[in-house]
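Listed below, chain by chain, are the residues.
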Amino acid sequence: MRSTGFRRTFVTLMASSVVLSAAACGSSDDDGKAADGKTRITVNCEPPKSAKVDRSFFDADTKAFEKANPKIDVVTHDAFPCQDPKTFDAKLAGGQMEDVFYTYFTDAKHVVDVNQAADITSYVKDLKSYSTIQQQLRDIYTVDGKIYGVPRTGYSMGLIYNKALFKKAGLDPDKPPATWEELRADAKKIAALGKGTVGYADYSAQNQGGWHFTAELYSQGGDVVSEDGKKANVDTPEGKAVLQNLKDMRWSDNSMGSKQLLVINDVQQMMGSGKLGMYLSAPDNIPILVKEKGGNYKDLGLAPMPGGKGTLIGGDGYMFNKKDSPAQIKAGLKWLDSMFLTPGDGFLGDYARAKQNNAPVGLPEPRLFTGAADAKDQEVKKANANVPVENYQAFLDGNQSLDMKIEPPQAQQIYSVLDGAVSAVLTKKDADVDQLLKDASGKIDSILARG
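Residues numbered from 1 in each chain as written. Predicted model: local features only at pLDDT ≥ 70, side-chain atom pairs only at ≥ 80, totals over all residues. Heavy atoms only, no water.

Caption draft 1: Up close: the pattern of salt bridges. Scanning the model with the defined rule gives 16 salt bridges in all. A salt bridge links Arg184 to Asp248; the nearest nitrogen and oxygen atoms lie 3.7 Å apart. On the criterion of sequence distance, the pair formed by Arg184 in helix 6 (residues 180-191) and Asp248 in helix 8 (residues 237-252) is long-range, its members being 64 residues apart. The partner of Asp253 in a salt bridge is Arg184, and the shortest N-O contact between them spans 2.5 Å. Taken together, the residues span a long stretch of sequence, with Asp253 in the loop between helix 8 and helix 9 (264-272) and Arg184 in helix 6 at a distance of 69 residues. We classify Asp253 as buried; its relative accessible area is 11%. On the basis of relative accessibility, which here comes to 26%, the residue Arg184 falls in the partly exposed class. Salt bridges sharing common partners tie together Glu46, Arg55, Asp59 and Asp78. (Salt bridge = Lys/Arg side-chain N within 4 Å of Asp/Glu carboxyl O. Helix = DSSP H or I, 4+ residues; strand = E, 2+ residues; numbered from the N terminus. Buried < 20%, exposed > 50% of the residue type's maximum accessible area, 1.4 Å probe, protein only.)

Caption draft 2: Structural view of the state of the cysteines. Here the structure, examined in full by the defined rule, presents one disulfide. With a sulfur-sulfur separation of 1.9 Å, Cys45 is cross-linked through a disulfide to Cys82. One quick way to see it: the torsion about the S-S bond of Cys45 and Cys82 is about 65°, and its sign makes the bridge right-handed. Here the residue Cys45 occupies a position in strand 1 (residues 39-46), and Cys82 occupies one in the loop between strand 2 (72-78) and helix 2 (88-93), the gap between them amounting to 37 residues. (Disulfide = S-S within 2.5 Å.)

Caption draft 3: Structural view of the packing of helix 6 against helix 8. With their axes 11 Å apart at the nearest point, helix 6 and helix 8 run at an angle of 15° to one another. One finds that helix 6 runs roughly parallel with respect to helix 8. Helix-helix and strand crossings are classified by hand; for helix 6 and helix 8 the assignment is right-handed. Of the residues in helix 8, those touching helix 6 at Trp180, Leu183, Arg184 and Ala187 are Asn245, Asp248, Met249 and Ser252. Taken together, the residues of the contact of helix 6 with helix 8 sort by class into four nonpolar, two polar and two charged. (Axes fitted to C-alpha atoms, helices over the stretch in contact; angles between N-to-C directions. Parallel < 35°, antiparallel > 145°, perpendicular 65-115°, else oblique. Left-handed = near helix turned anticlockwise from the far one by under 90°. Contact = heavy atoms within 4.5 Å. Nonpolar A, V, L, I, M, F, W, Y, C, P; charged D, E, K, R; others polar.)

Caption draft 4: Broad picture of the nonpolar core. Among the nonpolar cores identified, the biggest contains 73 residues, and Tyr200, Phe213, Leu243, Leu246, Met278 and Ile444 are the most heavily contacted of them. Element by element, the count of residues in this core is highest for helix 16 (residues 411-427), at ten residues. Within the second largest apolar cluster, 52 residues are counted, among which are Phe88, Leu137, Met339 and Phe369. (Core = buried A, V, L, I, M, F, W, Y, C linked by side-chain atoms within 4.5 Å.)

Caption draft 5: Highlighting the packing of aromatic side chains. Throughout the structure, instances matching the rule amount to twelve aromatic pairs. For the pair Phe58 and Phe347, a centre-to-centre distance of 5.3 Å together with 85° between the ring planes defines the contact as edge-to-face. Of this pair, Phe58 sits in helix 1 (residues 52-68) while Phe347 sits in helix 12 (residues 346-349), and the two are 289 residues apart along the sequence. Looking at Phe58, the relative accessible area reads 0%, which means it is buried. Here Phe347 falls in the buried class, since its relative accessible area comes to 0%. Residues Tyr318 and Phe340 carry aromatic rings whose centres are separated by 5.7 Å and whose planes lie at 15° to one another, so their mutual orientation is stacked. Linking Tyr318 in strand 11 (residues 310-320) with Phe340 in helix 11 (residues 326-340), this pair joins segments that are 22 residues apart in sequence. (Phe/Tyr/Trp six-rings, centres within 6.5 Å; stacked < 30°, edge-to-face > 60°.)

Caption draft 6: Seen up close, helix 1. For helix 1, built from 17 residues, the straight-helix expectation of 24 Å at 1.5 Å per residue is met to within 8% by its first-to-last C-alpha distance of 24 Å. Contact partners of the buried residues in helix 1: strand 1, strand 2, helix 11, helix 12 and helix 13 (351-356). (Expected span 1.5 Å × (residues − 1).)

Caption draft 7: How the structure looks around the pairing of strand 3 (residues 100-104). Where burial is concerned, most of strand 3 is hidden: five out of the five residues are buried. The alternating pattern of strand 3 places Val100, Tyr102 and Tyr104 on one face and Phe101 and Thr103 on the opposite face, and all of these are buried.

Encoded structure:
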């Protein structure tokens, strides 16, 4: 599941997207050589024309790359969003992917399993930035010891909270809840302010409830499926703690409001209007809350996931068509390095350019690099920051000790099942938590058995 719309550095960044252009296709030549002797690669996830600023930056950066690499011709494909789950498998099976194509983290193993990805293990040594990327993100595109892709961005879930409401409720705005018990207590105090104020809100429809259940389960130290990916693992003390906590806040504390079956837009609207104390989210929600929902940067704090044990991570990257020639793979890696993987520069990292165009700079993610590369990226970001970075320090500090976990296999189908359990405890006062988990477990087992 993507976060918000996964907006990143720029005003309407398409990184949250998910669709490949219908015209996309792999190279028609065996070696990718064009008539003029250049190595030609097709790439996707070019911002749509409607995102004028992003489009201009993407195209300008690609042209700059071609100028610096005159023997490479990059053909960009306009797509919004960058990958459509409804057509992704059909395009894979039909060999219609670009030479270098966008994927969610959760796609990586599937693309390899259906034999549509090129093994780039022997080529990444030439990718200058590869060793600087966080190991846990690199591992996502490594299957059975072989490398099939390169991560581009990453996010982790945390807790967005309204500092103004915290202060109004007598809470310390610089001390967000670190446990679910503290969150429950804080939510109750915020809801007690009345006038339609809600302490804590959660999603419970359109698979988003299942997505958040997963994040909350990770925060408790649990897992949605077994380690081998073959059995459900939700009917556990950790799973019960998630549902029981939601049920108690909804019915015993009345801290979640009476309106339920909420989705992301509903909750963002509540937070932007100043009527919500807390909800789970990634950092990319913050500029949306300000630019689209009426919020104020100074009032929005970000904390790590309550519970202190784990959080859900997601993101995207690029993989390579199995038909690619060695020259195309090398060219594609060079393009990725230039566009996305140079600290403090390129389409996602040119913070000075972003600031000049009134895009938020200083959010704590994406945090792609390590070591000196990360230090440089953070230095350039800090120099151009135009948001209150101190509001996000708790998130940065707390994330250091959390177990970072990606989404489960067959995520969307599983989320649909878990949606039912979450919506039940939020809409039915007599909902049976144990039975809901038992039923969900059986349905997830069936999903996993079908592969």
